[in-house]
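Here are the chains, one letter per residue:
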Amino acid sequence: MDRNLAMSKKNSTVSTNDILKSIIKTAVPFIIIGSGITLYQLIDQFTFNPMIRAVTNMTTKQIIIHYAIVAIRSLQNQLK
């Protein structure tokens, strides 16, 4: 360990701005994907009920139950 320390560069400096830029470059794709997934789920949540009501004669309770079933199956598929 001491030998590695002696052979290492002693004047290693990293700018704080460089570190922050690197972190932001790495984080941006995850933020975009996470936001996109959340936006999709929000749109799905608000459009499912009116769309199903327009094409079927289900009651509101039945539509809510079907939405829950679809959501649970989707979650189960993601966990596989």
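Positions within a chain are numbered from 1, following the residues in the order the chain's sequence is written. Note on the predicted model: pLDDT of at least 70 is required for a residue's local features to be given, and 80 or more for side-chain atom pairs to be given and counted; whole-chain, interface and lining totals, by contrast, use all residues. Heavy atoms throughout the structure, all of them, feed into the side-chain values; hydrogens and water do not.

Helix and strand labels come from DSSP, where a helix needs a run of H or I of at least four residues and a strand needs a run of E of at least two; each type is numbered from the N terminus. Helix and strand content of the chain: 3 helices and 0 strands. Radius of gyration here uses only the C-alpha atoms, and the compact-globule reference equals 2.2 Å multiplied by the residue count raised to the power 0.38. By the compact-globule yardstick of 12 Å for 80 residues, the chain is too spread out, its C-alpha radius of gyration being 25 Å. Considering only C-alpha atoms, the chain reaches an extent of 80 × 25 × 15 Å along its principal axes. Within the chain, buried positions represent 2% of all 80 residues. Throughout, exposure labels follow a simple rule: accessible area from a 1.4 Å probe, protein chains only, divided by the maximum for the residue type, with under 20% read as buried, over 50% as exposed, and the rest as partly exposed.

Patch definition: residues above 30% relative accessible area lacking any salt bridge, with like charges linked at up to 9 Å and the nonpolar side chains Val, Leu, Ile, Met, Phe, Trp and Tyr linked at up to 5 Å. Using the Shrake-Rupley algorithm and a 1.4 Å probe, accessible areas are obtained, with residue cover drawn only from the displayed protein chains. Take a side-chain nitrogen of Lys or Arg and a carboxyl oxygen of Asp or Glu: if they are within 4 Å of each other, that pair is a salt bridge. A surface patch of nonpolar side chains, about 640 Å² in accessible area, is lined by Val-14, Ile-19, Leu-20, Ile-23, Ile-24, Val-28 and Ile-32. Among the structural elements, Ile-19 can be located in helix α2 (residues 16-55). On the basis of relative accessibility, which here comes to 41%, the residue Ile-19 falls in the partly exposed class.

On to the environment of Thr-13, then. Take Thr-13: it is sitting in the loop between α1 (2-7) and α2. With 60 residues separating them along the chain, Thr-13 and Arg-73 place their C-alpha atoms 51 Å apart.

With that out of the way, let us pick up the packing of α2 against helix α3 (residues 60-79). Only the stretch in contact is used when fitting a helix axis, every axis being a line fitted to C-alpha atoms; angles between N-to-C directions are given from 0 to 180 degrees. Taken N-terminus to C-terminus, the directions of α2 and α3 make an angle of 140 degrees; their axes are 10 Å apart at the nearest point. What the angle tells us is that α2 and α3 run oblique. Viewed along their axes, α2 and α3 form a crossing whose handedness is right-handed. Contact residues: α2 offers Gln-41, Asp-44, Gln-45, Phe-48, Asn-49, Ile-52 and Arg-53, while α3 offers Thr-60, Ile-63, His-66 and Tyr-67. Angles are sorted into four bins: roughly parallel if under 35 degrees, roughly antiparallel if over 145, roughly perpendicular if 65 to 115, and oblique for all others. By convention the crossing between two helices is left-handed if the near helix lies anticlockwise of the far one by an angle smaller than a right angle, and right-handed if it lies clockwise. Any two residues having at least one pair of non-hydrogen atoms within 4.5 Å are treated as being in contact.

Attention now goes to α2. For α2, spanning 40 residues, the distance from its first C-alpha to its last is 57 Å, which sits close to the expected 58 Å at 1.5 Å a residue. At Thr-47, α2 shows its maximal kink, close to 35 degrees; a proline, Pro-50, follows between one and four residues later. Its side-chain oxygen at 3.2 Å from the backbone nitrogen of Asn-17, Ser-15 defines the N-terminal cap of α2. Take the residue count of a helix, subtract one, and multiply by 1.5 Å to get its expected span. Fitting axes to the seven residues ending at a residue and to the seven starting there, one defines the bend at that residue as the angle between these axes. Nitrogen and oxygen atoms within 3.5 Å of one another constitute a polar contact, given that in protein one can donate a hydrogen and the other can accept it, and given that sequence-neighbouring residues count only through two side-chain atoms.

The subject of this paragraph is the environment of Ala-68. Tracing the sequence through the fold places Ala-68 in helix α3. In this structure Ala-68 comes out as partly exposed when scored by relative accessible area, which is 35%. With 22 residues separating them in the primary sequence, Ala-68 and Phe-46 have C-alpha atoms 13 Å apart.

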